[in-house]
Amino acid sequence: LIAGSVSTTASAQTGSLRFRDLMLNCDTCHGVGGHSPTPDQTPSLAGKSEGHISTQLKAFEAGKRRHPTMNLLGGSMTSEEMKVLGRYYSRGGK
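From a predicted model like this one, the values you see are computed outputs, not experimental measurements.

(A) Focus on the nonpolar core. Counting residues in each nonpolar core, the largest one holds 14 residues, and the members touching the most others are Leu57, Met77, Leu85 and Tyr89. When contributions to this core are tallied by element, the ones reaching two or more residues are helix 1 (2-30), helix 2 (50-62), helix 3 (68-75) and helix 4 (79-90). A per-element tally of this core places helix 4 first, with four residues. Excluding anything up to four places from it in sequence, Tyr89 contacts Met23, Cys26, Asp27, Gly33, Gly34, Leu45, Ala46, Gly47, Lys48 and Ile53.

Shown next, in the form of structure tokens:
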């Protein structure tokens, strides 16, 4: 029982660290919490729908949309990670 709890905790921490890393990657260009300081160059993600963000990430992953950085990032995420990021940014980065 204790080993299972430790494993679950480690998994949650790993997932949390992965989300933090993905979020920091996004925030680098799209602004903290998805509020872009240069929306004419890089779109804000904050307030966009969860589905829209997830769909766009999947399009980058599949090569249907082209941008060197986004194609790499989209290809490195699971569908679940795309949904979680979409949910986070749809709530204004909260």
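(B) The arrangement of the packing of helix 2 against helix 3 in detail. At their nearest, the axes of helix 2 and helix 3 sit 7 Å apart, and the two run at 100° to each other. Taken together, the axis directions place helix 2 and helix 3 in an arrangement best described as roughly perpendicular. Together, Leu57, Phe60 and Glu61 of helix 2 and Met70, Asn71, Gly74 and Gly75 of helix 3 make up the contact between the two elements.

(C) Quick peek at the environment of Ala46. Inspection of the secondary structure puts Ala46 in the loop between helix 1 and helix 2. Spatially, the C-alpha atoms of Ala46 and Ser90 are 5.6 Å apart, while their sequence positions differ by 44 residues.

(D) Representation of helix 4 within the structure. The end-to-end C-alpha separation of helix 4 is 16 Å, in line with the 16 Å expected for twelve residues at 1.5 Å each. For helix 4, the set of buried residues is Glu81, Met82, Leu85, Gly86, Tyr88 and Tyr89. Seen along its axis, helix 4 keeps its buried residues to an arc of 165°; they face one direction. Backbone geometry just downstream of helix 4 places Gly92 in the positive-phi region, at approximately 75°.

(E) The pattern of salt bridges, seen in detail. Taken as a whole and assessed by the stated rule, the structure comprises three salt bridges. Between Glu81 and Arg18 there is a salt bridge, with its nearest N and O atoms 2.9 Å apart. Of the two residues, Glu81 sits in helix 4 while Arg18 sits in helix 1, which places them 63 residues apart along the sequence. Since its relative accessible area comes to 17%, Glu81 is described here as buried. The class of Arg18 is partly exposed, set by a relative accessible area of 30%. Here Asp21 makes a salt bridge to Arg20, at a shortest N to O gap of 3.0 Å. Given the relative accessible area of 40%, Arg20 is considered partly exposed.

Reading the values: rules and limits
- Residues numbered from 1 in each chain as written.
- Predicted model: local features only at pLDDT ≥ 70, side-chain atom pairs only at ≥ 80, totals over all residues.
- Heavy atoms only, no water.
- Core = buried A, V, L, I, M, F, W, Y, C linked by side-chain atoms within 4.5 Å.
- Buried < 20%, exposed > 50% of the residue type's maximum accessible area, 1.4 Å probe, protein only.
- Helix = DSSP H or I, 4+ residues; strand = E, 2+ residues; numbered from the N terminus.
- Contact = heavy atoms within 4.5 Å.
- Axes fitted to C-alpha atoms, helices over the stretch in contact; angles between N-to-C directions.
- Parallel < 35°, antiparallel > 145°, perpendicular 65-115°, else oblique.
- Expected span 1.5 Å × (residues − 1).
- Arc of directions from axis to C-beta.
- Salt bridge = Lys/Arg side-chain N within 4 Å of Asp/Glu carboxyl O.

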